[in-house]
Amino acid sequence: MSATGSLQGANAPRVGSAVHAVTSVGAILEIRGLTAGYGGAAIIEAIDMDVAPNEVRIIVGPNGAGKSTLLKSVLSMTTRLAGTIRFKGQDITGLPTPALVPLGIAAVPQTRNVFPSLSVAENLDVGTYAAPRADARRMLERVFELFPDLKAKRKQAAGELSGGQRQMVALGRALMSDPALLLLDEPTAGLSPVYLERIFDLILDIRQTGVTVVMVEQNARQALRIADVGTVLVGGRHYISGHGQALLANDDVRRSFLGGGVAA
Ligand SMILES: Nc1ncnc2c1ncn2[C@@H]1O[C@H](COP(=O)(O)OP(=O)(O)OP(=O)(O)O)[C@@H](O)[C@H]1O
Ligand SMILES: [Mg+2]
């Protein structure tokens, strides 16, 4: 399937925001011709993606479309067969994963884990290891401002928290490294609708602090409402990108991908 329609491409019209451009000018994350997978097999193919600074980019698509593989590829956790990745203009293609954190890239993977026997504060502290120690206290204050619930529970074992609270710990831990770019893989998976809204609100709060967010999300309909740009992946290929609200209004996207929130 190939993408068609006015939404695709670098000059897609923006709705409600003059700040966040889809164009590649000054992109914080630039992916060019990325083909990657596991072993010798390509899962994602010929992906081009430009994410502007301070953008919230939502990646949606059917199960197995390669959404997680795309995020993992940015983190050098797949086999890259072709293409380049630049972050803040620097070529980071193939850099070892731990080297990306000090550059300003943090991630919460789909199979996220908190350390259940460690307290909330200790879990957050793990996230500072890659950041300059002088910043740890400031980052903790910022995380507690964003997540007052966590401050109240900072001495409690993370394993005793609800799924939504554990998700906040995982998000908070990623923020402790003071990232410029946050990669999130299905942060609302398994959460109640109330927590889902809270996590989306938090993502907008996080963006307000100057962080760019690239997020894979299965709750496509809700997520696209907060997206500056939505990208649909199908079968490992880019299908269409556009402003979140524009994608929601697009009949083809609605019919094919937003029926029940999960595309078939
Ligand atoms: N570690 C791996 N080794 C081999 N194949 C893998 C691996 N991880 C994923 N795959 C395969 O890659 C394809 C894409 O998987 P991926 O996890 O990227 O999809 P996804 O879009 O994130 O799906 P979901 O919505 O279910 O999370 C699937 O066919 C999957 O079986
Ligand atoms: Mg996935």
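Above this text sits the structure in question.
Worth saying up front: this structure is predicted, and the values here are computed from it rather than measured.

(A) Structural context of the overall build of the chain. When helices and strands are counted, the chain shows 10 helices and 10 strands. Looking at the chain as a whole, 44% of its 264 residues qualify as buried. Partitioning the intrachain contacts of the chain with sequence separation of at least 6 by distance along the chain shows that 70% fall at a separation of at least 24.

(B) Structural detail: the site of ligand 1. For ligand 1, the full set of nearby residues is Y38, I43, G61, N63, G64, A65, G66, K67, S68, T69 and Q110. Per element, the largest residue contribution to the shell around ligand 1 is 3 residues, and it comes from helix α1 (residues 67-74). Class assignment for the residues of the shell around ligand 1 results in 3 nonpolar, 7 polar and 1 charged.

(C) How the structure looks around helix α6 (residues 163-175). End to end, α6 covers 18 Å across 13 residues, agreeing with the expected 18 Å (1.5 Å per residue, within 8%). In terms of burial, α6 is a largely internal element, 10 of the 13 residues being buried. Taken together, the buried positions of α6 are R166, Q167, M168, V169, A170, L171, G172, R173, A174 and L175. Close packing links the buried residues of α6 with β6 (105-108), α3 (120-126), α4 (136-146), α5 (148-152), β7 (181-185) and α7 (193-208).

(D) Up close: the packing of α6 against α7. The interhelical angle for the contact between α6 and α7, taken along N-to-C directions, is 15°, at an axis separation of 11 Å. Judged by the inter-axis angle, α6 sits roughly parallel to α7. Taken as a pair, α6 and α7 cross one another with a handedness that is right-handed. Each of G164, Q167, L171 and L175 in α6 lies in contact with α7, whose residues at this interface are Y195, R198, I199, L202 and I206. Residue composition of the contact of α6 with α7, by class: 6 nonpolar, 2 polar and 1 charged.

(E) Focus on the pairing of strand β4 (residues 79-87). Looking at chain direction, strand β1 (residues 29-38) and β4 are connected through 7 bridges and run antiparallel. Across the sheet, residue G37 finds its bridge partner in β4, namely T79. As defined by bridge partners, β4 adjoins strand β5 (residues 90-91) across 2 bridges and the pair is classed as antiparallel. Bridge pairing in β5 links R86 to D91. Taking the residues between adjacent antiparallel strands as the criterion, β4 and β5 are bridged by 2 residues, where K88 takes a positive phi near 50°.

(F) Here's a closer look at unusual backbone geometry. Non-glycine residue N54 carries a positive phi angle of around 70°. Assignment of secondary structure puts N54 in the loop between β2 (41-51) and β3 (56-60). Located in the positive-phi region is K88, a residue other than glycine, with phi close to 50°. With 16 C-beta atoms packed within 10 Å, K88 lands in the partly exposed category.

The rules we used
- Residues numbered from 1 in each chain as written.
- Chains lettered and ligands numbered in written order.
- Predicted model: local features only at pLDDT ≥ 70, side-chain atom pairs only at ≥ 80, totals over all residues.
- Helix = DSSP H or I, 4+ residues; strand = E, 2+ residues; numbered from the N terminus.
- Buried ≥ 20, exposed ≤ 12 C-beta atoms within 10 Å, placed from the backbone.
- Contact = placed C-beta atoms within 7 Å.
- Near = placed C-beta within 6 Å.
- Nonpolar A, V, L, I, M, F, W, Y, C, P; charged D, E, K, R; others polar.
- Expected span 1.5 Å × (residues − 1).
- Axes fitted to C-alpha atoms, helices over the stretch in contact; angles between N-to-C directions.
- Parallel < 35°, antiparallel > 145°, perpendicular 65-115°, else oblique.
- Left-handed = near helix turned anticlockwise from the far one by under 90°.
- Pairing = 2+ DSSP bridges.

That's the geometry; what it means functionally is another story.
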